[in-house]
Amino acid sequence: MFNPSEFINETIQKIKNEIGDEKAIIALSGGVDSSVCSVLVKKAIGNNLTAIFVNHGLLREGEVEEVCRTFEERLNFVYVDASDEFLDALDGVSDPEKKRKIIGNVFIDVFEREAKKIQAKFLVQGTIAPDWIESEGQIKSHHNLALPGGIVLKVLEPVRDLYKGEVRKIGLELNLPEELIYRQAFPGPGLAVRVIGPLTREKLAICRKADEIVREEIESANLGKNLWQYFAVLTDTKVTGVREDQRNYGYLVVLRFVTSDDAMTAFVPELPWEIIKTISKRITSEISDVTHVSLSLSDKPPSTIEFE
C-alpha cells in the first residue's frame, strides 16, 4: 500500500543527494503535480529552488492571477509572460503532435533562459506515470517529455512513477490547500489541444470563453469534485445557425465531462440535463461565433480524454 509519509521522506533525501548545493528551477503550472514537486524540492534544497510560472497564452480565464496569488509568497517565484513567443510559433498550426512539439520546445527555450540567469543546473518537472506511459505507447506526446537536443539542464522528475491519486495524497500530507490538491486536471499544452485545426488567437479566445462558462456552471452546481475534467472543445467545423432572424454560420463546440481515477481510463457520467442545457444556451447566446453545441459521450478507451 502506498505510504505518502514514507515517500516524502525518501524523495527529499534522494533530491538532496542528487542536487546537492546546485540550483534548480521547476516548471510550475499551478496544478497538483508540479505544486507537490515544488514543495518536495523546496524542503530538500530550500531557496536554491526557483519556481518558474510561464504564461504560454494557452491558459484558462483567470488562471494567471490565481497561480500568482497562490504561489508568489510560498516559493521563490518568478512569473514569465511568454505568450507572444508561444502563440507566434503556433499560429496556423493544425497538426496536434506539431502543436505539442512546438510547445515543448518553446517551454525549454524559456526555462533555459531563466536557468542561465540564476546558473541553475537542474530542471524539475511534475511528470507522472500516465504522461510517460502514453508517450512511450505513442498515444500522444506530453510537453514535459518533448525535450529538444542539446538541453543544458538535467531533468528531475520526483513523482514520475506515481498516479494522480497518489500525488494528491502526498499533497494532503504536505498540508497543501485542498482547492489546489483537487484542482481540475489541465493539460500542459493548455487550450492548444482543445482548439481543433489551425490555432489562432481568435479561436483561442472563443475556446477560453466557452471553457469559462462550463466551469462556472459545473462549479456553481457543486459538481466539480465528482468530475476529473470538464471543459469545452472548439472544433474546426462550422454549422449554420440563426441569430436575430439572420443566417449565422458559426463554430461547433463540444462539451466534455469525464470521471477517472488515474487518467488511464475515463468514463462519461450522467449529469443533470438542465445543467447541460444551461451551458449550451449560455455558450450560444454569449459567444456570437458559436452556433451549435454538442455533447461527447465516448469513454477512454477508445477515446482519449482530450480531443488532440
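Note that the structure is predicted; figures quoted are calculated from it, not measured.

On to the overall build of the protein, then. Helix and strand counts for the protein come out as ten helices and eight strands. Taking 308 residues into account, the globule formula puts the C-alpha radius of gyration at 19 Å, and the protein, at 20 Å, falls close to it. By its C-alpha atoms, the protein is 70 × 40 × 40 Å across when sized along the principal axes. In the protein, buried positions account for 53% of the 308 residues. A sequence separation of at least 24 residues applies to 75% of the contacts in the protein between residues at least 6 apart. Accessible area for the protein stands at about 14400 Å²; split by element, carbon and sulfur atoms hold 46% of it. Between the centroid of the 38 positive side chains of the protein and the centroid of its 49 negative side chains there is a distance of 1 Å.

As a further point, take the confidence of the model for the protein. Taken residue by residue, the protein gives an average pLDDT of 90. The fraction at 70 or more is 94%. In the model of the protein, helix α6 (residues 129-136) stands out as the element of lowest mean pLDDT, 71, in contrast to strand β8 (residues 290-295), which has the highest, 98. Under a pLDDT of 50 for its full length, residues 137-151 has, in the predicted model, 44 contacts with residues more than four places off or in other chains.

So, on to a nonpolar patch on the surface. A surface patch of nonpolar side chains, amounting to about 350 Å² of accessible area, comprises Trp273, Leu295 and Leu297. Note that Leu297 resides in the segment after β8.

This model, assessed by the stated rule, comprises five aromatic pairs. With a centroid separation of 5.9 Å and an interplanar angle of 50 degrees, the aromatic rings of Phe2 and Phe7 are classed as tilted. Overall, Phe2 belongs to the partly exposed group, its relative accessible area being 23%. Considering the side-chain rings of Phe107 and Phe111, the 5.6 Å spacing of their centres and the 10 degrees angle between planes classify their relative orientation as stacked. In this pair, Phe107 and Phe111 both sit in helix α5 (residues 96-118), four residues apart, roughly one turn of the helix. One aromatic cluster is present, formed by Phe53, Phe77 and Tyr79 through successive ring pairs. Seen from the ring of Phe231, Arg194 lies directly overhead, with NZ or CZ sitting 3.7 Å from the centre.

What follows is about unusual backbone geometry. With an omega dihedral of -15 degrees, the bond running from Lys300 to Pro301 counts as a cis peptide bond. Inspection of the secondary structure puts Pro301 in the segment after β8. Cis geometry marks the peptide bond from Pro301 to Pro302, where omega comes out at 10 degrees. You can see Pro302 is positioned in the segment after β8. Positive phi, close to 60 degrees, is recorded for Gln119, a residue that is not glycine. With respect to the helices, strands and loops of the structure, Gln119 is situated in the loop between α5 and β4 (122-124). Overall, Gln119 belongs to the exposed group, its relative accessible area being 63%. With a phi angle near 65 degrees, Asn175 is a residue other than glycine that sits in the positive phi range.

Side chains Ala24 and Ile26 project from strand β1 (residues 24-27) onto one buried face, and the interleaved Ile25 and Ala27 project onto a second face that is buried too. Bridge analysis of β1 against strand β2 (residues 49-55) gives four bridges, and the strand direction is parallel. Bridging across to β2, Ile25 finds its partner in Thr50. In this fold, the crossover linking β1 to β2 by way of helix α2 (residues 32-45) has right-handed handedness.

When you line up the elements, Lys277 lands in helix α10 (residues 273-286). On a C-alpha basis, the gap between Lys277 and Val293 in space is 9.5 Å, while along the polypeptide they are 16 residues apart.

Right, let's talk about the pattern of salt bridges for a bit. Tallied over the full model, the rule gives 21 salt bridges. Residues Arg194 and Glu306 are paired through a salt bridge, measuring 2.8 Å at the closest nitrogen-oxygen approach. With a gap of 112 residues between them, Arg194 in the loop between α8 (178-181) and α9 (201-220) and Glu306 in the segment after β8 connect regions that are remote in the sequence. For Arg194, a relative accessible area of 0% translates into the label buried. By relative accessible area, Glu306 is classed as buried at 7%. When salt bridges that share partners are traced, they join Lys209, Glu212, Glu216, Glu217, Arg282 and Glu286 into one network.

This brings us to the nonpolar core. Counting 48 residues, the largest nonpolar core has Ile218, Leu255, Phe257 and Ile283 as the members making the most contacts within it. If we ignore the near neighbours within four places in the chain, the residues touching Leu255 are Val214, Phe231, Ala232, Ile276, Ile279, Ile283, Val293, Ser294, Leu295 and Ser296. Of all hydrophobic cores here, the second largest spans 38 residues; its members include Val32, Cys37, Val41 and Ala44.

Criteria and thresholds
Counting restarts for each chain: residues are numbered from 1 in the order of the written sequence. Where local features are concerned, this predicted model is filtered to residues with pLDDT of at least 70; where side-chain atom pairs are given and counted, the filter is 80 or more; whole-chain, interface and lining totals use all residues. Calculated side-chain values reflect all of the structure's heavy atoms, with hydrogen atoms and water omitted. Only DSSP runs of H or I reaching four residues or more are called helices, and only runs of E reaching two or more are called strands; each is numbered from the N terminus. Every radius of gyration here is taken over C-alpha atoms, with the globule rule written as 2.2 Å times N^0.38, N being the number of residues. Summary of the burial criterion: residues with accessible area below 20% of their type's maximum are buried, those above 50% are exposed, and those between are partly exposed, where the area comes from a 1.4 Å probe applied to protein chains only. Contacts were defined at the residue level, with two residues in contact if any of their heavy atoms lie within 4.5 Å. Calculation of accessible area relied on Shrake-Rupley with a 1.4 Å probe; when residues are assessed, cover is drawn exclusively from the protein chains displayed. Neither His nor the chain ends contribute to the count of charged residues, in which Lys and Arg are positive and Asp and Glu negative. Where a charge sits is defined by one atom per residue type, namely NZ (Lys), CZ (Arg), CG (Asp) or CD (Glu). Along the chain, pLDDT gives the predictor's confidence residue by residue, from 0 to 100. Each patch groups residues whose relative accessible area exceeds 30% and which form no salt bridge, using 9 Å between like charges and 5 Å between nonpolar side chains of Val, Leu, Ile, Met, Phe, Trp and Tyr. Whenever a carboxyl oxygen of Asp or Glu lies within 4 Å of a side-chain nitrogen of Lys or Arg, that contact is scored as a salt bridge. Side-chain rings of Phe, Tyr and Trp, where Trp is taken by its six-membered ring, are said to pair if the distance between their centres is within 6.5 Å; with planes under 30 degrees apart they count as stacked, over 60 as edge-to-face, and otherwise as tilted. Whether a charge lies above a ring is judged from NZ of Lys or CZ of Arg, which has to be within 6 Å of the ring centre and within 35 degrees of the ring normal. Strands were regarded as paired on the criterion that DSSP finds at least two bridges between them. When the strands point away from the viewer and the path from the first strand over the helix to the second turns clockwise, the crossover is right-handed. Buried Ala, Val, Leu, Ile, Met, Phe, Trp, Tyr and Cys residues that are joined via side-chain atoms within 4.5 Å together make up what is termed a nonpolar core.

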